[in-house]
Amino acid sequence: MSNVINQRWLIGRRHFLRGLGASVALPLLNAMQPFRASADGAEKPRRAVFVYIPNGVNGMAWQVTRPGREFELSPSLQPLAKHRDDFTVFSGLHHPNGLGQAHVCADTWLTGAKIDAQSARKYENTISCDQLMAELTGQHTRFPSLELSISSGTGRPLNSTTLAFSRDGVPLPAEDNPRHIFERLFGDEKGGLAAQRARLGMRRSVLDSVYSEANALRQELGKDDKTKLDEYLHSVRDVELRAERLDAWLDIPKPKIDKKLAEPFQRDVPRSKAGEYWRTMFDLIVLALRTDATRVVTYMNGSEGNGLAIPEIGITQARHNLSHHNGDPVVLERLAKSDAFIMEQFAHFLNELGGVKDGDEALLDRTMVLFGSGMSYGHSHANSNLPILLAGGRGMGFKHGQHIDYNKPHLNGEYTLSYDEWRSLCGKPKDEKARLSNLMLTMLQKMGVTTEKFVDSLAPVSEVLA
């Protein structure tokens, strides 16, 4: 297939994922129908949020040094002191397929896939764990999942601006404007229901034409390109299902949001006010969860190539530049300051989740939140000893207030928190079995997904199970 055709199908793939179009009409399956809770309310919602920070952290200020329940918060984690019993911090986790990778860390953070970073033509990803969850919980909500980022769209291969990938490894476009996201979740359909259904009908017509063109083109392709084309058409069918579900929800009114509650989302928040922007996005996630608009959310608060500067605390460098510090103490101090500031915003998120009641529990207890990065030492793009913590989900069977340390048994003595030690910890894994996929398998099972394995996982992480 020529480069022109390659580009054509890539653009088309993103267009249809963004447009939520449909082609061939499907019967109304059970999975498409809006969920109505049982009268006794026996099944409580299970929710998951994934929050990504780019380019790793300053490990000398992040690393927790004492394992177990008697751990002491590191300087970077001090903003989470109020929630010490609401999260577990991990040391030593890695993705085996992510070792040695650079700017594909976000692409594979939730997939664990092996990506050929040397050639965009060979770029192939797999389904992300959030989408496995969304396949299960999506039948209960208007939106199967919500993809958020500081940069809209999908980015580009090897530098994605989204964490979510479909079963075919297709990136699902993220949204970055809180006002637009709020309107999508809670606003009235433009032109009313009739206009919305008309727009869906137009998309069906377009996709019908695409199917015809694709079938004609298929006869001229080689085996490999036919496989690629079939994968693309499968992703279009996935979008078709989403569109049919959307149509099924059109007659179900969206939640009415109190004017005062909606006010913060009625304006555009500039990214130059990083803290306010991040908090607004976190507040929007809380609102989406508490209204049951969705139960699965991914949020990139920066990509490897586009992490925000934080001028309100005097940091004018973008996070990517901070991560390439070359050991400069001044730049490292700024990176540590940036880490702590980000954790302040994350603490705000946990505060808000903890302050909302979900029946007789806090929303935080019915929501598990994975926070972290696909990189640990940004200067040389090292990917072991990833900064990872899991918060919330107590009502789903998690226990917290601990530091699970896979490094410590393999260290000669105590942590020194020296620069050389940090670099060493982030290079080759100390424990080959300490896989991030183990934690994701644990989350999948607690979400109700029936599986005994996720990518290269070995077993669930029993230490976080109540």
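Being a predicted model, the structure only gives us computed values, none of them experimental.

### Digging into the overall build of the chain
Check the secondary structure of the chain and you find 13 helices and 13 strands. Going through the 466 residues of the chain one by one, you find that 56% of them count as buried. Within the chain, counting contacts between residues at least 6 apart in sequence, those at least 24 apart form 75% of the total. In the form shown here, the chain has an accessible surface area of approximately 19,600 Å², with 51% of it arising from carbon and sulfur atoms.

### Some words on the pattern of salt bridges
Within this structure, the stated rule accounts for 18 salt bridges. Note that Arg-267 is salt-bridged to Glu-276, the shortest N-O span being 2.7 Å. For Arg-267, a relative accessible area of 38% corresponds to the partly exposed category. Judged by relative accessible area, which is 22%, Glu-276 ranks as partly exposed. Linking Arg-366 and Glu-361 is a salt bridge whose minimum nitrogen-to-oxygen distance equals 3.7 Å.

### Remarks on helix α11 (residues 329–355)
Over its 27 residues, α11 runs 39 Å from end to end, which matches the ideal 39 Å to within 8%, given 1.5 Å per residue. Where α11 begins, the side chain of Asp-328 points an oxygen toward the backbone nitrogen of Val-330, at a separation of 2.9 Å.

### Here we look at the packing of helix α4 (residues 129–137) against helix α13 (residues 436–447)
The geometry of α4 relative to α13 is characterised by a closest axis approach of 10 Å and an angle of 5 degrees between their N-to-C directions. One element, α4, and the other, α13, form an angle in the roughly parallel class. Facing Cys-129, Leu-132, Met-133, Leu-136 and Thr-137 of α4, the residues of α13 in contact are Met-440, Met-443, Leu-444 and Met-447. Across the contact of α4 with α13, the residue classes tally to eight nonpolar, one polar and no charged.

### Observations regarding the nonpolar core
For soluble globular proteins, nonpolar side chains are generally found buried alongside one another. Grouped together as the largest cluster of nonpolar side chains are 59 residues, with contacts concentrated most on Trp-278, Tyr-299, Phe-346 and Leu-389. Sorting elements by how many residues they give to this core places helix α9 (residues 274–290) first, with eleven residues. Here Tyr-299 is in contact with Phe-50, Val-51, Tyr-52, Leu-148, Ser-149, Ile-150, Leu-163, Tyr-277, Trp-278, Met-281, Phe-282 and Ile-285, once residues within four sequence places are set aside. Leu-132, Met-396, Tyr-406 and Val-461 belong to the second-largest nonpolar core, a separate cluster that totals 39 residues.

Cut-off values and rules
- Residues numbered from 1 in each chain as written.
- Predicted model: local features only at pLDDT ≥ 70, side-chain atom pairs only at ≥ 80, totals over all residues.
- Heavy atoms only, no water.
- Helix = DSSP H or I, 4+ residues; strand = E, 2+ residues; numbered from the N terminus.
- Buried < 20%, exposed > 50% of the residue type's maximum accessible area, 1.4 Å probe, protein only.
- Contact = heavy atoms within 4.5 Å.
- Areas by Shrake-Rupley, 256 points an atom, 1.4 Å probe, with all protein chains shown as cover.
- Salt bridge = Lys/Arg side-chain N within 4 Å of Asp/Glu carboxyl O.
- Expected span 1.5 Å × (residues − 1).
- Polar contact = N/O pair within 3.5 Å; in protein donor to acceptor, adjacent residues only side chain to side chain.
- Axes fitted to C-alpha atoms, helices over the stretch in contact; angles between N-to-C directions.
- Parallel < 35°, antiparallel > 145°, perpendicular 65-115°, else oblique.
- Nonpolar A, V, L, I, M, F, W, Y, C, P; charged D, E, K, R; others polar.
- Core = buried A, V, L, I, M, F, W, Y, C linked by side-chain atoms within 4.5 Å.

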